[in-house]
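Observations on the three-dimensional arrangement
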Amino acid sequence: MISKLPRWVWLCGWILAFIAGIINAVGFIGIQHQSITHLTGNTTMFAVAVANLDRASAFRYCAVLGSFVGGASVSGFIIQDNALQLGRRYGVVLFLEATFLAIAALLLNRNNVCGLYSAVFACGLQNAMATTYSGTVIRTTHVSGMWTDLGIFLGHVLRGLPVDGKRGRMCFLIISGFICGGVTGVFTFRVMGFSTLFIPASITAAASLGYAIYQMRKIDKRNCRSHEGSLRG
């Protein structure tokens, strides 16, 4: 249930949505309205390209879809579970995301289309990193589900049905993070161009480092307790 979500999940959810908002804004402004963080539009464009026998476009959108699935697959391979829980290898996935976003910035600054695939791969990593907690689905790279849940929430309120207030706040949280990221992406792209992607890359790299430090401290405490226990024995 959403009521079981610890505070760190709320904070991380907003930050990850903020990151996705920046990335997607860069795609829409700099790559011909190309969505990067989600696949709904890309899947439709792939179908249109196939119907029109446009091989070049079909290959491009197929590569985008494959990149996202590839990132999600790598994330699933590393984390090995879809249950959100501290102690799993999120730091590795965050570091990989930072790396691929930095590579995307470098390639896109050189007008290399592979930068697009690198950014999409990074978003696949992020979206699969932590999708479920206590039966609650949390998506951070797109907000269609959050808008839908918000609509259901409002509908229940109008009917006088009981509602989960925390679920409503989670929807607002993710949506606000995505919007704030989008606004930030627009303003920074005007100044930095594709180098804007270094911003989410830096955030995820910092998060990876912070998580690694947390893990090391946790291991040290565990070793100290084990040592104290052996001395008492």
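Details of the structure are given in the entry above.
In this report, the structure presented in the accompanying data block is examined. In this text, all values refer to a predicted model and were calculated from it rather than measured experimentally. Within each chain, residues carry numbers counting from 1 in the order of the written sequence. With the structure being a predicted model, the display of local features is reserved for residues of pLDDT at least 70 and the display and counting of side-chain atom pairs for 80 or more, all residues being used for whole-chain, interface and lining totals. Values shown for side chains rest on all heavy atoms present in the structure; no hydrogens or waters enter the calculation.

1. A word on a nonpolar patch on the surface
- Taken together, the side chains of Trp-147, Ile-179, Val-183 and Phe-187 present a nonpolar region at the surface, about 430 Å² in accessible area.
- Going along the chain from the N terminus, every DSSP run of H or I of four or more residues is numbered as a helix, and every run of E of two or more is numbered as a strand. With three residues, the single largest contributor to the nonpolar patch is helix α7 (residues 165-192).
- Its location among the elements puts Phe-187 in helix α7. Each patch is built from salt-bridge-free residues with over 30% relative accessible area, joining like charges within 9 Å and nonpolar side chains (Val, Leu, Ile, Met, Phe, Trp, Tyr) within 5 Å. For accessible areas, the Shrake-Rupley method is used with a probe of radius 1.4 Å. Any residue's cover is judged against the shown protein chains and nothing else. Throughout this description, the term salt bridge denotes a Lys or Arg side-chain nitrogen within 4 Å of a carboxyl oxygen of Asp or Glu.

2. A word on the nonpolar core
- Among buried residues, the Ala, Val, Leu, Ile, Met, Phe, Trp, Tyr and Cys ones that are joined through side-chain atoms within 4.5 Å form a nonpolar core. Three labels apply to residues, based on accessible area from a 1.4 Å probe with only protein chains included: buried if under 20% of the type maximum, exposed if over 50%, partly exposed otherwise in between. Core analysis: the largest hydrophobic core is formed by 34 residues, its most contacted members being Ile-23, Ile-36, Leu-116, Met-129 and Leu-197.
- If you list the elements that add at least two residues to this core, you get α1 (7-30), α3 (55-79), α4 (90-108), α5 (114-129) and α8 (198-232).
- A total of nine residues in this core trace back to one element, the largest contributor, which is α5.
- Residues count as neighbours in contact if any of their non-hydrogen atoms are within 4.5 Å of one another. In this structure Leu-116 touches Ile-31, Gln-34, Ile-36, Arg-60, Val-64 and Leu-108, once residues within four positions along its chain are discounted.
- In this structure, Val-9, Val-143, Met-146 and Leu-150 belong to the second largest nonpolar core, which totals 14 residues.

3. Re α4
- What a helix is expected to span follows from its residue count: subtract one and scale by 1.5 Å. The end-to-end C-alpha separation of α4 is 27 Å, in line with the 27 Å expected for 19 residues at 1.5 Å each.
- Taken together, the buried positions of α4 are occupied by Tyr-90, Gly-91, Val-93, Leu-94, Glu-97, Ala-98, Leu-101, Ala-104, Ala-105 and Leu-108. Buried residues of α4 fall within an arc of 160 degrees about the axis and therefore sit on the same side. Comment: arc refers to directions from the helix axis out to C-beta atoms.

4. With respect to the packing of α1 against α7
- For helices, the fitted line uses only the C-alpha atoms of the stretch in contact; every axis is such a line through C-alpha atoms, and the angle between N-to-C directions lies from 0 to 180 degrees. Orientation of α1 relative to α7, taken along the N-to-C sense of each, is 40 degrees, at an axis distance of 6 Å. Relative to α7, α1 is oriented oblique. Note that α1 runs across α7; the crossing there is right-handed. Here the word oblique covers every angle except those under 35 degrees (roughly parallel), over 145 (roughly antiparallel) and from 65 to 115 (roughly perpendicular). Left-handed describes a crossing whose near helix is turned anticlockwise from the far helix by less than a right angle; the clockwise case is right-handed.

5. Section: the packing of helix α6 (residues 144-159) against α7
- Close contact between α6 and α7 brings their axes to 9 Å; oriented N to C, the two are set at 145 degrees. The two elements α6 and α7 meet at a crossing, and its hand is left-handed. Side by side, α6 and α7 meet where Met-146, Trp-147, Asp-149, Leu-150 and Phe-153 of the first sit next to Gly-165, Arg-167, Gly-168, Met-170, Cys-171, Phe-172, Ile-174 and Ile-175 of the second.

6. Considerations on the packing of aromatic side chains
- The aromatic pairing rule takes the rings of Phe, Tyr and Trp, using the six-membered ring of Trp, and pairs them if the centres are within 6.5 Å, calling planes under 30 degrees apart stacked, those over 60 edge-to-face and the rest tilted. Under the definition given, this model contains four aromatic pairs.
- A centroid spacing of 5.3 Å and a plane angle of 15 degrees characterise the contact between Trp-14 and Phe-18, whose relative ring orientation is stacked. Note that Trp-14 and Phe-18 are positioned in helix α1 at a spacing of four residues, about one turn of the helix.
- Residue Trp-14 is classed as partly exposed on the basis of its relative accessible area of 27%.
- Among the residues examined, Phe-18 registers a relative accessible area of 15% and is labelled buried.
- With 5.4 Å between their ring centres and 80 degrees between their planes, Phe-189 and Phe-194 make a pair best called edge-to-face. Across the pair, Phe-194 and Phe-189 agree in class, each one buried.
- We call a charge positioned over a ring when the NZ of a Lys or the CZ of an Arg lies within 6 Å of the ring centre and within 35 degrees of the ring normal. The ring of Tyr-61 has Arg-60 lying over it, and the distance from NZ or CZ to the ring centre is 5.6 Å.

In short, the description is geometric, and any link to function would need to be established separately.
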